[in-house]
Every structure is written in C-alpha cells, then in structure tokens.
Amino acid sequence: MAWQKVSNEVRLEAKDPFELRVNLGVDVSESTVTSALRTGDMGFLHSFTTGSTVDGPGVRIVAWTAGCQFRCLYCHNPDTWNMMNGLPVTLERATEALRKYRHGLRLMFGGFTLSGGEPLMQDRFAVRLFAAAKSMGIHTALDTNGFLGERLSDEELDQIDVVLLDIKTWDPERHLKLTGKDVGPTLDFARRLAQHKRPMWLRYVLVPGLTDDEGDINQIAMFAARLGNVTRVDVLPFHQMGRYKWKKLGINYALDDVPAAPPWLVERVCGQFRSVGLIAH
Ligand code: SF4
C-alpha cells in the first residue's frame with residue numbers, strides 16, 4: 001500500500017517541531033483514513049521529538065499529531081492543520097518508538113506527551129497510544145485545545161496523568177475571531193477535568209495586542225483558580241518562528257507585524273495568574 005511505502009521512507013523524528021512537513025499522508029485511501037479514525041489502528045503524525053522539557057513534567061518524548069479544527073491566528077505549526085499532511089504511522093510503530101525510550105524517560109522523571117495539531121481529532125489513536133504508554137509504565141500528558149474533550153470517556157481520562165489545556169482567550173467573540181471556534185467546549189472540558197480531579201496545566205499563548213487584555217486574562221485566572229486542579233500555568237510568549245510556514249503554505253498571515261512578547265509583558269501576565277494563587281512560569 002502506498003502509505004506503507006511513505007511511512008517506511010520518512011523519519012518519524014523531526015529535527016524540531018518547526019520543521020515543515022506536508023502531504024505525507026495524501027496517498028492514503030479514504031477508506032483507510034475512515035477505518036484508522038474509527039479504530040485507532042493508525043494515526044497521522046507530524047513527527048516525534050525527543051528531549052522536550054517544556055511539554056509536561058521532566059524530560060519527554062512528544063508526538064505531534066496532524067489535524068486541527070482551530071485556525072489560530074498565531075499558530076506556529078499550520079502544517080499540522082490538515083491531517084493528510086501527517087505521516088501515517090501504525091499504532092505498533094508508535095508504540096515501538098515509545099518502548100525504546102521507556103527506561104530513560106523514567107530515569108528523567110519524564111514521559112510521553114501527545115500534542116499537535118489537535119490530538120483529539122484522532123481520539124481513538126490517542127486513547128490506544130496512551131494505554132500502550134501506561135502499560136509500559138510511562139507517564140502520559142495530553143496537550144489539547146479541549147474542544148473535543150467529550151470524545152473521551154471517564155475511563156479514558158484516567159489514562160492521562162496530566163492534561164495541558166490551552167485556553168486561547170476568555171471573551172467568546174474574541175475567541176471566535178482568534179480560533180474560528182467557540183470557547184465553550186474548552187471551558188466545559190476544563191470543568192470536567194476538575195470534577196474528575198485530573199491534574200491540569202493551563203497554557204496561555206501571549207500575543208502583544210491580541211491576547212494581552214488584562215481583563216480577559218483576569219477572567220481566565222479566576223476561572224482556573226476556582227477549578228482547583230490547575231497545578232501550573234505556562235505563559236507562552238508569542239514569537240515568529242512559525243511565520244515561514246504560513247508563507248510556504250500560501251496562507252494569509254495576519255500577524256506579520258506583531259512583535260515577540262517582551263519579558264515585561266510576560267511577567268505582568270504571570271503576575272496576574274500568581275495573584276490568584278496559581279503557580280505561573
Ligand atoms: S489549536 Fe494549536 S495547532 Fe490548532 S490552530 Fe491553534 S495553535 Fe495551531
């Protein structure tokens with residue numbers, strides 16, 4: 001099959017998540033894609049990276065999935081929007097890739113993070129890969145925009161040791177303009193994680209002039225503090241490292257003139273989260 005040929009030729013490990021990868025899954029037939037999404041036998045991955053220290057506790061291996069239903073104006077990896085840009089990878093191959101690292105990950109108090117793109121676009125693959133990781137004693141983290149959180153059953157949530165939940169902004173209209181989708185499902189997922197006492201890291205991408213509104217951030221901070229399960233907040237300063245991908249993909253990029261978030265602004269926003277008792281970096 002064509003996808004097997006492709007999957008044998010392309011390395012799973014990328015140099016870094018900013019490596020542009022396109023059309024790696026275009027030869028996969030529609031019926032194979034449908035079956036993969038239903039069973040989770042195969043996933044579409046942008047890449048694996050190793051040695052991450054920012055995508056969950058300790059040192060981690062990260063699998064970046066392809067496919068996302070958001071269209072964030074500040075997205076660093078628009079090549080992950082389309083699932084067919086991803087490399088078709090069988091569950092066995094992904095599990096074997098994890099197995100190689102299991103002892104090292106444990107020694108470095110790390111684990112496995114599934115990020116994207118949006119991993120829950122391929123929820124069956126995600127669930128089965130997490131189950132495989134847990135069976136090897138590997139700590140698991142899901143980095144998600146939360147929009148499809150309802151696809152996970154309570155038992156499946158239990159396979160995930162920590163959820164890294166991106167809340168893009170608070171105001172519904174601003175969220176719609178920023179991402180193309182409603183904020184409601186993300187907040188519902190956060191509430192559900194809290195009800196089930198699942199540890200959560202809140203991730204907030206800080207873009208000067210776009211997501212730096214003080215009142216908006218205060219709302220998110222108060223919401224997060226009330227949840228009671230947020231163990232850490234990561235304020236992620238916007239940068240322009242993904243700009244070249246928008247250009248190469250021929251997508252109109254609205255943030256051409258936006259500067260990187262300066263340290264004083266990052267500190268102000270971290271301070272807002274700290275002022276409600278949260279740990280923020
Ligand atoms: S949710 Fe993440 S991958 Fe999807 S568009 Fe937004 S920043 Fe990009």
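Parameters at a glance
Residues numbered from 1 in each chain as written. Predicted model: local features only at pLDDT ≥ 70, side-chain atom pairs only at ≥ 80, totals over all residues. Heavy atoms only, no water. Near = heavy atom within 4 Å. Nonpolar A, V, L, I, M, F, W, Y, C, P; charged D, E, K, R; others polar. Helix = DSSP H or I, 4+ residues; strand = E, 2+ residues; numbered from the N terminus. Buried < 20%, exposed > 50% of the residue type's maximum accessible area, 1.4 Å probe, protein only. Pairing = 2+ DSSP bridges. Contact = heavy atoms within 4.5 Å. Phe/Tyr/Trp six-rings, centres within 6.5 Å; stacked < 30°, edge-to-face > 60°. Arc of directions from axis to C-beta. Salt bridge = Lys/Arg side-chain N within 4 Å of Asp/Glu carboxyl O. Axes fitted to C-alpha atoms, helices over the stretch in contact; angles between N-to-C directions. Core = buried A, V, L, I, M, F, W, Y, C linked by side-chain atoms within 4.5 Å. pLDDT = per-residue confidence, 0-100.

Chemist: Before we move on, could you go through the site of the ligand and cite the residues and values that matter?
Modeler: Near the ligand, the surroundings consist of C68, F70, C72, C75, T80, W81, G117, N145 and K168. Residue composition of the shell around the ligand, by class: five nonpolar, three polar and one charged.

Chemist: Residue-level account of the side chain of D166, with values.
Modeler: With respect to the helices and strands, D166 occurs in strand 6 (residues 162–166). Assessed through its relative accessible area of 16%, D166 is described here as buried.

Chemist: Please provide a residue-by-residue account of the pairing of strand 2 (residues 60–65), values included.
Modeler: On any regular strand, side chains alternate: one points to one face of the sheet, the next to the other face. Along strand 2, six of the six residues are buried, which leaves the element largely enclosed by surrounding structure. The side-chain alternation of strand 2 yields two buried faces, one formed by R60, V62 and W64 and the other by I61, A63 and T65. For strand 2 and strand 4 (residues 111–115), the ladder comprises five bridges, and the chain directions are parallel. Within the sheet, the bridge partner assigned to W64 lies in strand 4 and is S115.

Chemist: A description of the environment of F238 should follow, citing residues and the corresponding values.
Modeler: Counting through the fold element by element, F238 comes out in the loop between strand 8 (230–237) and helix 9 (243–249). Among the residues examined, F238 registers a relative accessible area of 1% and is labelled buried. Considering only alpha carbons, one finds F238 and C75, 163 residues apart in sequence, at a separation of 9.5 Å. Ignoring sequence-local partners within four residues, the contact set of F238 consists of Y74, H76, L206, V207, P208, Y253, L255, V258, P259, A260 and A261.

Chemist: Lay out the packing of aromatic side chains with the relevant residues and their values.
Modeler: Enumeration over the complete set of coordinates arrives at six aromatic pairs. Taking 5.6 Å as the distance between ring centres and 75° as the angle between the ring planes, the aromatic pair formed by F70 and F147 counts as edge-to-face. Residue F70 is located in the loop between strand 2 and strand 3 (87–90), and its partner F147 is located in the loop between strand 5 (139–144) and helix 5 (154–157); the two are separated by 77 residues in the primary sequence. Assessed through its relative accessible area of 1%, F70 is described here as buried.

Chemist: Describe helix 2 (residues 30–39), naming the residues involved and giving the relevant values.
Modeler: Taken as a whole, helix 2 has its buried residues at T32, V33 and A36. Down the axis of helix 2, the sector holding all buried residues measures 100°, keeping them to one side. In helix 2, the exposed positions angled more than 90 degrees off the buried face are occupied by E30, S31 and R38. In the segment just after helix 2, G40 is the residue with positive phi, at about 80°.

Chemist: Report on the pattern of salt bridges, specifying residues and quantitative values.
Modeler: What the rule picks out here adds up to 18 salt bridges. Ionic pairing is found between R128 and D41, a salt bridge with its closest N-O pair at 2.6 Å. Of the two residues, R128 sits in helix 4 (residues 123–135) while D41 sits in the loop between helix 2 and strand 1 (42–52), which places them 87 residues apart along the sequence. For R232, the salt bridge goes to D234, with nearest N and O atoms at 2.8 Å. Within the structure, one salt-bridge network assembled from shared partners comprises D123, R124, R151 and E156.

Chemist: Give a description of the environment of K168 that names residues and reports values.
Modeler: Mapping K168 onto the fold places it in the loop between strand 6 and helix 6 (172–179). Overall, the relative accessible area of 9% leaves K168 in the buried class. Residues K168 and T186 lie 18 residues apart in sequence; the distance between their C-alpha atoms is 9.3 Å.

Chemist: Please provide a residue-by-residue account of the sheet that holds strand 3, values included.
Modeler: By way of backbone hydrogen bonds, the strands of a sheet pair with one another, either parallel or antiparallel. Read from one edge to the other, the open sheet built from eight strands follows the order 3-1-2-4-5-6-7-8, with strand pairing classed as mixed. Of all strands in the sheet, those bounded by a partner on one side alone are strand 3 and strand 8. Pairs of neighbouring strands in the sheet enclose a mean axial angle of 30°, with direction left out of account. Each of strand 1, strand 3, strand 4 and strand 5 is contacted by helix 4, which is oriented at about 175° to strand 4, the strand it contacts most. Along the sheet, helix 8 (residues 214–227) makes contact with strand 7 (200–206) and strand 8, crossing strand 7 at roughly 175°.

Chemist: Residue-level account of the nonpolar core, with values.
Modeler: Core analysis: the biggest nonpolar cluster contains 59 residues, and F48, L98, F112, L202 and F273 have the highest contact counts within it. When sequence neighbours within four positions are dropped, the list of residues in contact with L202 reads L165, I167, I220, A224, V230, R232, V233, D234 and F273.

Chemist: Which residues make up the confidence of the model for the chain, and what values go with them?
Modeler: For the chain, mean pLDDT is 93; residues scoring 70 or higher make up 95% of the total. Scored below 50 in pLDDT, residues 1–8 shows 14 contacts in the model against residues more than four places distant or in partner chains.

Chemist: Residues and numbers for unusual backbone geometry, please.
Modeler: That bond from G116 to G117 is cis: its omega, 15°, falls within 30 degrees of zero. With respect to the element layout, G117 can be found in the loop between strand 4 and helix 4. With a phi angle near 55°, K197 is a residue other than glycine that sits in the positive phi range. Considering the arrangement of structural elements, one finds K197 in the loop between helix 7 (184–195) and strand 7.

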